[in-house]
Each structure stands twice: as structure tokens, then as C-alpha cells.
Amino acid sequence: MILTVTPNPSLDRTYEVPSLHRGEVVRATGERVDPGGKGVNVSRAVAAAGRRTVAVLPLGGAPGALVAGLLDAQGIEVAPVPVAGATRSNIALAETDGVLTKINAPGPHLTADEQELLLDTVRRLAPGADWIACCGSLPRGLAPSWYAELVARVHDAGARIALDTSGPALPAALRERPDVVKPNAEELAEAVGRPLATVGDALKAAEELRAAGARAVLASLGADGQLLVDDEGAWFGTAPADAVRSNVGAGDSSLAGFLVAGGRGPGALASAVAHGAAAVQLPGSVMPGPADLEPSAVTVTTEVPVNRPLREPAS
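Residues numbered from 1 in each chain as written. Predicted model: local features only at pLDDT ≥ 70, side-chain atom pairs only at ≥ 80, totals over all residues. Heavy atoms only, no water.

In the annotation of an unreviewed UniProt entry, the chain is listed under the name 1-phosphofructokinase and assigned to Streptomyces griseoflavus Tu4000. Recorded under Sequence similarities (unreviewed entry), the UniProt text for the chain is reproduced unchanged: "Belongs to the carbohydrate kinase PfkB family." (UniProt positions renumbered as here; feature names shortened; annotations may be inferred.)

Peer 1: So, the sheet that holds strand E7 (residues 100–103): which residues are in play, and what are the values?
Peer 2: Strand order in this open sheet of four strands is E3-E2-E6-E7, and the pairing throughout is mixed. A strand with exactly one partner marks an edge of an open sheet, and here the two such strands are strand E3 (30–36) and E7. Ignoring which end each strand starts from, the neighbouring axes of this sheet average 20 degrees apart. In terms of strand pairing, strand E2 (residues 10–17) meets E3 through seven bridges, oriented antiparallel. Bridge pairing in E3 places Thr14 opposite Arg32. Contacts from helix H2 (residues 61–73) reach E2, E3 and strand E6 (88–95), with the element oriented near 95 degrees to E3. (Pairing = 2+ DSSP bridges. Helix = DSSP H or I, 4+ residues; strand = E, 2+ residues; numbered from the N terminus. Axes fitted to C-alpha atoms, helices over the stretch in contact; angles between N-to-C directions. Contact = heavy atoms within 4.5 Å.)

Peer 1: Report on the nonpolar core, specifying residues and quantitative values.
Peer 2: Counting residues in each nonpolar core, the largest one holds 52 residues, and the members touching the most others are Ile132, Leu150 and Leu196. For this core, the leading source of residues is helix H7 (residues 199–212), giving six residues. Built from parts of two domains, this core gets at least three residues from each of domain 1 (1–178) and domain 2 (179–314). Not counting residues up to four positions away in its chain, the partners in contact with Leu150 are Val5, Leu119, Val122, Cys134 and Ile161. Counting 25 residues, the second largest nonpolar core, distinct from the first, contains Ala162, Phe258, Leu259 and Ala268. (Core = buried A, V, L, I, M, F, W, Y, C linked by side-chain atoms within 4.5 Å. Buried < 20%, exposed > 50% of the residue type's maximum accessible area, 1.4 Å probe, protein only. Domains from an automatic or database assignment.)

Peer 1: Give me empty space enclosed by the protein: which residues, what numbers.
Peer 2: Within the structure shown, the criterion is met by one cavity of 30 Å³ or more. Computed from the structure, the largest cavity encloses a volume of approximately 40 Å³. Lining the largest cavity, in full, are Pro7, Asn8, Pro9, Pro58, Val83, Thr87, Arg88, Pro108, Leu110 and Pro139. Class assignment of the residues belonging to the lining of the largest cavity gives a composition of seven nonpolar, two polar and one charged. (1 Å grid on protein atoms, 1.4 Å probe; cavity = no way out; pocket = protein on both sides within 12 Å on 5 of 7 lines; lining within 4 Å. Points joined across faces, edges and corners; volume = space filled by probe spheres on them. Nonpolar A, V, L, I, M, F, W, Y, C, P; charged D, E, K, R; others polar.)

Peer 1: I'd like a description of the environment of Asn247, backed by residues and values.
Peer 2: Relative to the helices and strands, Asn247 resides in the loop between strand E14 (233–238) and helix H8 (250–260). Note on Asn247: relative accessible area 44%, which makes it partly exposed. Measuring from C-alpha to C-alpha, the distance between Asn247 and Gly222 comes to 9.1 Å, with 25 residues separating the pair along the chain. In this structure Asn247 touches Leu100 and Val280, once residues within four positions along its chain are discounted.

Peer 1: Just give me the short version of the packing of aromatic side chains, but keep the residues and values in it.
Peer 2: By the definition in use, this model includes one aromatic pair. When the ring of Trp146 is compared with that of Tyr147, the centres are 5.6 Å apart and the planes differ by 65 degrees; the resulting orientation is edge-to-face. Tyr147 matches Trp146 in its accessibility class, with the two residues each being buried. (Phe/Tyr/Trp six-rings, centres within 6.5 Å; stacked < 30°, edge-to-face > 60°.)

Peer 1: Any chance you could break down helix H6 (residues 185–192) for me, citing the residues and the numbers?
Peer 2: Among the residues of H6, those classed as buried are Ala185, Glu187, Leu188, Ala189 and Val192. The elements touched by buried residues of H6 are strand E9 (161–164), strand E11 (196–198), H7, strand E12 (217–220) and strand E16 (309–314). In this structure Asn184 caps H6, since a side-chain oxygen of it lies 3.2 Å from the backbone nitrogen of Glu186. Gly193 sits one or two residues past H6 and shows a positive phi near 75 degrees. (Polar contact = N/O pair within 3.5 Å; in protein donor to acceptor, adjacent residues only side chain to side chain.)

Peer 1: Tell me about unusual backbone geometry, and name the residues and values.
Peer 2: The backbone phi angle of Arg177 is positive, close to 60 degrees, even though this residue is not glycine. When you line up the elements, Arg177 lands in the loop between helix H5 (169–174) and strand E10 (180–181). You can call Arg177 partly exposed: its relative accessible area is 40%.

Peer 1: How would you summarise the packing of helix H1 (residues 38–48) against H8 if you had to cite specific residues and measurements?
Peer 2: The N-to-C vectors of H1 and H8 enclose an angle of 50 degrees; their axes lie 8 Å apart at closest approach. Here H1 is positioned oblique relative to H8, judged by the angle of their axes. When you trace H1 past H8, the crossing you get is right-handed. Contacts between H1 and H8 pair Lys38, Asn41, Val42, Ala45 and Val46 from the former with Asp252, Ser253, Leu255, Ala256 and Val260 from the latter. Here the residues of the contact of H1 with H8 sort into six nonpolar, two polar and two charged. (Parallel < 35°, antiparallel > 145°, perpendicular 65-115°, else oblique. Left-handed = near helix turned anticlockwise from the far one by under 90°.)

Peer 1: Lay out the pairing of E6 in plain terms, naming residues and giving numbers.
Peer 2: Most of E6 sits out of view: six of its eight residues are buried. One ladder, built from four bridges, connects E6 with E7; its direction is antiparallel. Note on E7: the bridge partner recorded for Ile91 is Ile103. Between E6 and E7, which pair antiparallel one after the other, the connecting turn spans four residues, and Gly98 there sits at a positive phi close to 95 degrees.

Right under this line is the structure:
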């Protein structure tokens, strides 16, 4: 079972539009309403893979009730933490050329009691989980050290934890030695405080995160592929994506693929790459199922192309 924790979930509306022009009426060609938040997306991808998942998330108001209903309809068990504030609603505008514009609301302010209840819910459910994936931004009221406290409690319960967050919360959590962290290129650059122009730059940054406490680093480099760095070495994985429709949730799908394949080694990296490549070719935040994957198209190698320029350098 994969347990996910989403401190700041959302109700996501995604509109497909031909192009976006400020100040004009834009007519959507497609629309989706999905439960959102990075941990929620991981649960959705795990469920699409046919594996059991439980989503822990604070929920409040009518949007929170709708998020719970949508997850239940997808066969995902929900462990709700009731909060007084309303769950946030986000909007994404996906253009046909692959450009995505997102408008993310801040979310509710969690009280001290609500924060503790969230931590305690994870601690209570942790012993039954193969992996715990804690993902996304922190809502108002939670200090950057909150993820560090969560990692410590998960380890005390004897469980493994994957962390996907950014900003001050990431370095704060590293001291508790999360089992894997999953930054994208921009988050990796932010964590080490310098731009990344090549795959080699990303590899060095991942090694620095390991030196700071991360036991493994799974780094998403967008169209350039993914890196896995752990005690056994470094691997680089790639797969073609012929028709990019939306990158919403692609990184979350990659993390789900990594965890359902065991969360360790080149086989898990290959699964992560296959899931990420499939996700970007689907509309909105649709998560890929087994029929969408092309594992034979994935290449994983220990020969990391350190001199290869990133198509989208991270600053």
C-alpha cells in the first residue's frame, strides 16, 4: 500500500484552449475537474496502476467534499482530516502547443490542532504502508520544519518516506534523512542556490542533496529525462514523448511509478520514466494506466551524459 500525504490539496479545473490572449474571451475545447495536489496525484497514479493507496489530506468546505467524492469514485481510500477552512480551488489553462498556465489559490490556514491531527493521522496509518509519499507545498500555518517533523515520525513508525517539496521545507527536512526526495530541475537549482545548465550540473546538485541528508534523489529534468542517485551510484533514464498535451501531474506520476516498482534502483527509475512520459501525452491531469505505458521505449544507463545541455536550463 502507498500512503500519500497532501498538506494543501485542491480542486483542479483544467481547460484546454487553442491559445491564450490576455483581455480576450477564450473558448475552451475541453474541460476536466479533478482532485488535485501533488500527493493526491500520486495516489491517482498508484490507483491507475492497480495498486492500493490511501490519501491523507486536510479537507474543508464544499470543495473538500467534492475532492473526497472524486477520489472515492476513482477507488482511492481517503483518510480525511477535517479543517475549518475551505479546500482551495485551482485553474489550469493548457494550450495546444504544450504551454500551461496555472492559477493556484493559497489554501486554508491550518490551526495548531489541525496540524497535529494531520501528523497523528499519518503516524497511525504508517505501519501499514510500503511507502509514504509526502508531496506539495505547505498551507498557511505550517512552518517549513513541518515536513522534517513528519519524516521523523514516519521513521519512528518504521516506514519509508518519499518527499516531493521545495523552498525552505526541503532543506529543513533533509536533516531527518528522507529515503528519497524528488525535485524537478528548478527545485534542484533552488535547493543548491545556483543555475543548472547541463545534466552534469543536475547530477552534482543531486549529490549535494544526498550529502545534506537525502538517502536517494530522483530528479526530473523535463524533456531531458530523469536522474536517480543513491548509495549504489547514479543512473540516467529517458523516453520519447511524441505529443505533449499537458505536464500537469507528470512528476507525480513519475514518483508513483518509482514507488510501485519498489522505490529503488534502475528498475524503479525505468518505471518512473515510463510513467512520466505517458502522463505528458494525456490531457489535463489524467494519470496513465498500464495500457498507456511503453516500457520498451525507456532507456536507463549508468553513463550519465554530464556534458549534455539541458533543453530548459534551471535558474
